[in-house]
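Breakdown of the fold
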Amino acid sequence: MSSLTTPSTSPAAWLRGLKPDWLADPKVWRTEVLAGLVVALALIPEAISFSVIAGVDPALGLFASFTMAVTIAVVGGRRAMISAATGAVALVIAPLNREHGLGHLVAAVILAGLFQVVLGALGVAKLMRFIPRSVMVGFVNSLAILIFMAQVPEMRDVPWAVYPLIAGGLALMVLFPRITTVVPAPLVSIVILTAITVGAAIAVPTVGDKGALPSSLPVPSLPDVPFTLDTLTTIAPYAFAMALVGLMESLMTAKLVDDITDTPSNKTRESVGQGIANIVTGLFGGMGGCAMIGQTMINVKVSGARTRLSTFLAGAFLMLLCVAFGPIVSDIPMAALVAVMVMVSFATFDWHSLAPGTLRRMPAGEIAVMVITVVCVVATHNLAIGVVVGSVTAMVVFARRVARFADVTSVTDPDGATVVHRVTGELFFASSNDLVGRFDYANDPDHVVIDLSAAHIWDASSVAALDAIGAKYARRGKTVRITGLNDSSARLHERLTGELAAEH
C-alpha cells in the first residue's frame, strides 16, 4: 500500500510534504534569497562584458541573463545552477552579429534553443559518461584560472585605491564567516565596499562604467529577419555551434554541482531546459546563454544555495536592481566584484590535484590529460574545446594502455602435432594490429588452436586480424581452430569472418 493511503498519513501532513525546502525551512529560504541577491549583483558586470564581446547593446546581455535564469529555474534539471549570458556563447555568435546584424543573431539564438531541445530529447546528455575524471579535474582547474584571468584587466591601469579595496574585500570574505554565516560574506563585502567608496567619494571604476543599465523590462517579439531558406542557411551553422557549446558547458557545470552537493540531477531535462530557456531568451531579444560556471560557484559553493529559488531570484533581482535601483547599483565599485570572483576562483580550483602526494600516485597518462585540458582551455578561452581535446586524449591514452594487456602464451602438445595459443586481453583496433605478429607461422605444427576464452573481441579490426592469422597458416598448409569465444564475441566473429578480405 502506498504512503498516500495509509491511515498514519493525514491530508495535511501530505500537503506539507509537497512544500519546497525553502518554504518548509526559514533558514533555507533566507539562504536562497541572499544567494540570489549576491549572484544578481555579480551577474551585472559579467553580462555587460559579454554583451561587448558579442557586439550588442549591454541591455541585451542583461535581458538574456534575466530570461535564462528565470526560465531555467522552472524547466532545468539541475537545481541551484545559474544560467545566463556567457562568454563562450558570445564568442560563437559575435561574427554573425558583425556580418549580418542583430536580427540574425536573435534568430540564431532561437534556432540554437530548438537544436538543444532536439539534442536533449535524443539523449546527448548520455555522452557525459565518456568524460573521464582527469578531464573533469582539468575542466575545474582551467575554469578557476579563466575566472581569475577575467579579473586581471580590472586590476590594470586603475587608481591605487582599487588594490586596498580588493584586499579588504578578500579579508572580509575570509573573516566574516567566522562571526556568522547568516548573511553571505560576498554580500557583506559588496555592501561595505560600496558604502566606503560612496561615503568617502573615492574615485574608482564602478559597475556604471561598464555600460548603461536598462530602465524597463524586455518585451517579446519575433526577430527582424526575412523568414527564408537563405536566412536559415546563414544562421544554422552559428546556431548549431552555439547549441553544442552551450550544452557542453551546461552539462559539465551540472556534473560539477552534482559532485559539490552530492546530489544527482536529470541531465536530459537540463539539456531540454537549456533549449527552452534560449528560445524564450531569443523571443525577448536576448543574446542567448548557458550555464554560468563562476556565478554557479558563487551560488552553490560560496553562498550555500541548493534550490531553484536562488536561480529564479538571481534573474528576478537582476532586473529589479537594473530597473528600480539602477543608480545605486551603478555606484558599486568593480573592486568589490573582483574580490568576489577572485575568491570564487580560489575556492573552485582543485588544489588537491596538484599536491605532491597526488601527483606521485596518479598515472602519468592521467596527469597529461589534465594538463592538456587546462592548456587547451586557457589558450582558447573555450571550455568546450578543452573538454573535447582532453576527452580524445584520454581515449588515446586508455587505448594504448589497454592494448598492452593483450598477450599470447603458447603450449605445444607432447606429440608435437598441435599447438595451443592462449590469447588474453581485450581485442580491438589498437591491440589486434599487433596480434598478427605474435605467431610463429613457419615453425608451428600443422594443427593450431587459438584459445580466446580469456579474451574479448570488440570490433571488425579484431575479426580481420584473426582472419589474417588463419590465412597465413593456410598458405603453409596448416589448419586453425578458434575456441573459447564468449557469446557476444562469437556473434561478431560469425557475422564478419570471411567478409573483411579487403582489410588484410
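Residues numbered from 1 in each chain as written. Predicted model: local features only at pLDDT ≥ 70, side-chain atom pairs only at ≥ 80, totals over all residues. Heavy atoms only, no water.

1. Digging into the sheet that holds strand S6 (residues 479–483)
Pairing in this open sheet of 4 strands is mixed, and the strands run S3-S4-S5-S6 from one edge to the other. With partners counted over all chains shown, the strands left at the sheet margins are strand S3 (407–412) and S6, one partner each. For this sheet the average axis-to-axis angle between neighbouring strands, irrespective of direction, equals 20 degrees. Bridging between S3 and strand S4 (residues 418–427) involves 6 bridges; their strand directions are antiparallel. The residue bridging Val-411 from the neighbouring strand is Val-420, located in S4. The strands touched by helix H20 (residues 460–474) are S4, strand S5 (447–457) and S6; relative to S5, the strand with the most contacts, the crossing angle is about 170 degrees. Packed onto the sheet, helix H21 (residues 487–496) meets S5 and S6 and runs at close to 120 degrees relative to S5. (Pairing = 2+ DSSP bridges. Helix = DSSP H or I, 4+ residues; strand = E, 2+ residues; numbered from the N terminus. Axes fitted to C-alpha atoms, helices over the stretch in contact; angles between N-to-C directions. Contact = heavy atoms within 4.5 Å.)

2. Digging into empty space enclosed by the protein
Counted according to the given criterion, the structure contains 1 cavity of 30 Å³ or more. Glu-154, Val-162, Pro-205, Met-334, Ala-335 and Val-338 are the residues that line the largest cavity. The element best represented in the lining of the largest cavity is helix H15 (residues 334–348), accounting for 3 residues. Of the residues in the lining of the largest cavity, the class split is 5 nonpolar, no polar and 1 charged. (1 Å grid on protein atoms, 1.4 Å probe; cavity = no way out; pocket = protein on both sides within 12 Å on 5 of 7 lines; lining within 4 Å. Points joined across faces, edges and corners; volume = space filled by probe spheres on them. Nonpolar A, V, L, I, M, F, W, Y, C, P; charged D, E, K, R; others polar.)

3. Section: the pairing of S4
Linking S3 back to S4 in an antiparallel pair, the connection comprises 5 residues, with Gly-416 at a positive phi of about 75 degrees. Remark: the S4/helix H19 (residues 429–435)/S5 crossover connection has right-handed handedness. (Right-handed = clockwise from strand over helix to strand, strands pointing away.)

4. What to know about the layout of surface pockets
In this structure, the largest pocket spans a volume of roughly 760 Å³. Taken together, 31 residues make up the lining of the largest pocket; nearest its centre are Glu-46, Phe-50, Gly-87, Leu-146 and Ala-150. Listing elements by their share of the lining of the largest pocket, those giving two or more residues are helix H3 (26–54), helix H5 (87–100), helix H7 (133–151), helix H12 (293–302) and H15. The computed volume of the second largest pocket comes to approximately 340 Å³. Around the second largest pocket sit 14 residues that line it, and Leu-127, Met-128, Ile-131, Met-248 and Val-388 are the ones nearest its centre. Of all elements in the fold, only helix H10 (229–261) and helix H18 (383–403) reach the threshold of two or more residues within the lining of the second largest pocket. In terms of residue count, the dominant contributor to the lining of the second largest pocket is H18 (5 residues).

Geometry only, nothing functional implied.
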